[in-house]
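Chain by chain, the residues:
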Amino acid sequence: MSRISFPRPVTGTATVLNLAAGLLLLALMFLTVADVVGRSVFGQSVLGTVDISTLLLVTIAFLGLASAEIDGKHVSVTLVEARFGHRSRMVLSGIRAVLLLVLGSLIVWGMGEVLLSAYDRGETTNDILRLATWPAKLVLFLSFLLFFVMAVWKEVLEFRTFRSGEVPQDNEVDAAIERAHSAVRQEVGEVAS
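Residues numbered from 1 in each chain as written. Predicted model: local features only at pLDDT ≥ 70, side-chain atom pairs only at ≥ 80, totals over all residues. Heavy atoms only, no water.

**Thoughts on the overall build of the protein chain**
Then, in step 1: Counting its secondary structure elements, the protein chain contains 6 helices and 0 strands.
Then, in step 2: Helices (α) and strands (β) of the protein chain occur, in sequence order from the N terminus, as α-α-α-α-α-α.
Then, in step 3: Residue pairs in contact within the protein chain that sit at least 24 positions apart in sequence constitute 76% of those at least 6 positions apart.
Then, in step 4: Of the accessible surface of the protein chain, which amounts to about 12300 Å², a share of 68% is contributed by carbon and sulfur atoms. (Helix = DSSP H or I, 4+ residues; strand = E, 2+ residues; numbered from the N terminus. Contact = heavy atoms within 4.5 Å. Areas by Shrake-Rupley, 256 points an atom, 1.4 Å probe, with all protein chains shown as cover.)

Set out below in structure tokens:
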């Protein structure tokens with residue numbers, strides 16, 4: 001049983017993005033508290049809170065995508081696939097890699113077009129500060145790009161692991177499922193004998 005792993009620079013980059021998301025979330029929290037206190041105590045809210053909060057939320061939400069893929073912390077259901085044999089899982093892994101590559105290319109290309117359009121047109125938020133939207137769209141573009149590169153990379157590594165005869169284990173749930181299946185196969189083998 002092997003675990004899919006990535007080089008240190010890749011995991012380091014994902015960790016930095018996670019840390020940035022955490023710090024931006026902290027800044028958003030302070031901004032929101034300042035806005036509420038300012039409105040309640042002084043009768044005046046912080047100027048541009050809605051603009052800043054909107055852009056920060058988008059940025060925070062997508063900075064952790066690649067890290068979630070690398071760490072396997074996203075939602076993953078292997079109930080059906082875990083019941084398949086080794087060869088079937090290898091084929092499904094190959095199909096997933098191709099689909100991820102195609103879908104990722106289309107989404108990243110589309111996001112790139114949206115980013116360039118926002119930059120060329122000088123797109124801004126509609127509220128009082130009129131903040132440029134392209135920096136948040138750039139973060140979105142780069143986050144999705146890194147996410148899809150990691151997802152395709154992970155799937156290719158999983159496919160190669162299957163081809164080498166091993167069964168990749170992404171997390172403890174998969175390992176537990178595999179142990180349960182092995183135990184059942186062993187019991188069935190003993191009963192049949």
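**Digging into the confidence of the model for the protein chain**
Then, in step 1: The predicted model of the protein chain has a mean per-residue pLDDT of 84, with 83% of residues at 70 or higher.
Then, in step 2: Summarising per-element confidence for the protein chain, the mean pLDDT is lowest in helix α6 (residues 172–192) (58) and highest in helix α4 (residues 86–121) (94). (pLDDT = per-residue confidence, 0-100.)

**Re the nonpolar core**
Then, in step 1: Core analysis: the largest hydrophobic core is formed by 8 residues, namely Val-108, Met-111, Leu-115, Leu-140, Phe-141, Phe-144, Phe-147 and Phe-148.
Then, in step 2: Contributions of two or more residues to this core are made by α4 and α5 (134–163).
Then, in step 3: Per-element accounting of this core gives the leading share, 5 residues, to α5.
Then, in step 4: Once you skip the residues sitting within four places of it in the chain, Phe-148 turns out to touch Leu-100, Gly-104, Ile-107 and Val-108. (Core = buried A, V, L, I, M, F, W, Y, C linked by side-chain atoms within 4.5 Å. Buried < 20%, exposed > 50% of the residue type's maximum accessible area, 1.4 Å probe, protein only.)

**Let's talk about the pattern of salt bridges**
Then, in step 1: One pass over the structure, following the stated rule, counts 7 salt bridges.
Then, in step 2: The salt bridge partner of Glu-81 is Arg-89, with a shortest N-O separation of 3.8 Å. By the burial criterion, Glu-81 is buried, and Arg-89 matches it.
Then, in step 3: Ionic pairing is found between Glu-81 and Arg-96, a salt bridge with its closest N-O pair at 2.9 Å. Here Glu-81 is found in the loop between α3 (65–71) and α4, whereas its partner Arg-96 is found in helix α4, with 15 residues between them in sequence.
Then, in step 4: Of the residues examined, Arg-96 reaches a relative accessible area of 26% and is grouped as partly exposed. (Salt bridge = Lys/Arg side-chain N within 4 Å of Asp/Glu carboxyl O.)

**Focus: a nonpolar patch on the surface**
Then, in step 1: A contiguous nonpolar surface patch, about 930 Å² in accessible area, is contributed by Leu-19, Leu-23, Leu-26, Met-29, Phe-30, Val-33, Val-37, Val-41 and Phe-42.
Then, in step 2: Tracing the sequence through the fold places Leu-26 in helix α1 (residues 8–42).
Then, in step 3: Leu-26 sits in the partly exposed class, given a relative accessible area of 38%. (Patch = residues over 30% accessible without salt bridge, like charges linked within 9 Å, V, L, I, M, F, W, Y side chains within 5 Å.)

**Quick word on α1**
Then, in step 1: In a regular helix each residue adds 1.5 Å, so 35 residues correspond to 51 Å; α1 covers 49 Å between its end C-alpha atoms and thus fits that length.
Then, in step 2: In this structure, the buried side of α1 is in contact with α2 (49–63), α3 and α5. (Expected span 1.5 Å × (residues − 1).)

**A few points about the environment of Phe-148**
Then, in step 1: With respect to the element layout, Phe-148 can be found in helix α5.
Then, in step 2: In sequence terms Phe-148 and Glu-69 are 79 residues apart; their C-alpha atoms lie 8.9 Å from each other.

**As for the packing of α4 against α5**
Then, in step 1: Packing of α4 against α5 leaves a shortest axis separation of 9 Å and a crossing angle of 165 degrees. Relative to α5, the element α4 lies roughly antiparallel. Once α4 is placed against α5, the crossing between them reads as left-handed.
Then, in step 2: Its residues assigned to classes, the contact of α4 with α5 shows 23 nonpolar, 5 polar and 6 charged. (Axes fitted to C-alpha atoms, helices over the stretch in contact; angles between N-to-C directions. Parallel < 35°, antiparallel > 145°, perpendicular 65-115°, else oblique. Left-handed = near helix turned anticlockwise from the far one by under 90°. Nonpolar A, V, L, I, M, F, W, Y, C, P; charged D, E, K, R; others polar.)

**Thoughts on the packing of aromatic side chains**
Remark: the centre distance and the inter-plane angle together describe each pair of aromatic rings, the angle taken between the planes.
Then, in step 1: This structure, assessed with the given rule, holds 4 aromatic pairs.
Then, in step 2: Plain terms: the ring middles of Phe-62 and Phe-144 are 5.4 Å apart, the flat faces sit at 35 degrees to each other, and that makes the pair tilted. In this pair, Phe-62 sits in helix α2 while Phe-144 sits in helix α5, placing the two residues 82 residues apart along the sequence.
Then, in step 3: In this structure Phe-62 comes out as partly exposed when scored by relative accessible area, which is 25%.
Then, in step 4: Relative to Trp-134, the ring of Tyr-119 has its centre 5.3 Å away and its plane inclined at 90 degrees; by these criteria the two rings are edge-to-face. One end of the pair, Tyr-119, is in helix α4; the other, Trp-134, is in helix α5, and 15 residues separate them in sequence.
Then, in step 5: Here the aromatic cluster, defined as three or more aromatic residues joined through ring pairs, consists of Phe-62, Phe-144, Phe-147 and Phe-148. (Phe/Tyr/Trp six-rings, centres within 6.5 Å; stacked < 30°, edge-to-face > 60°.)

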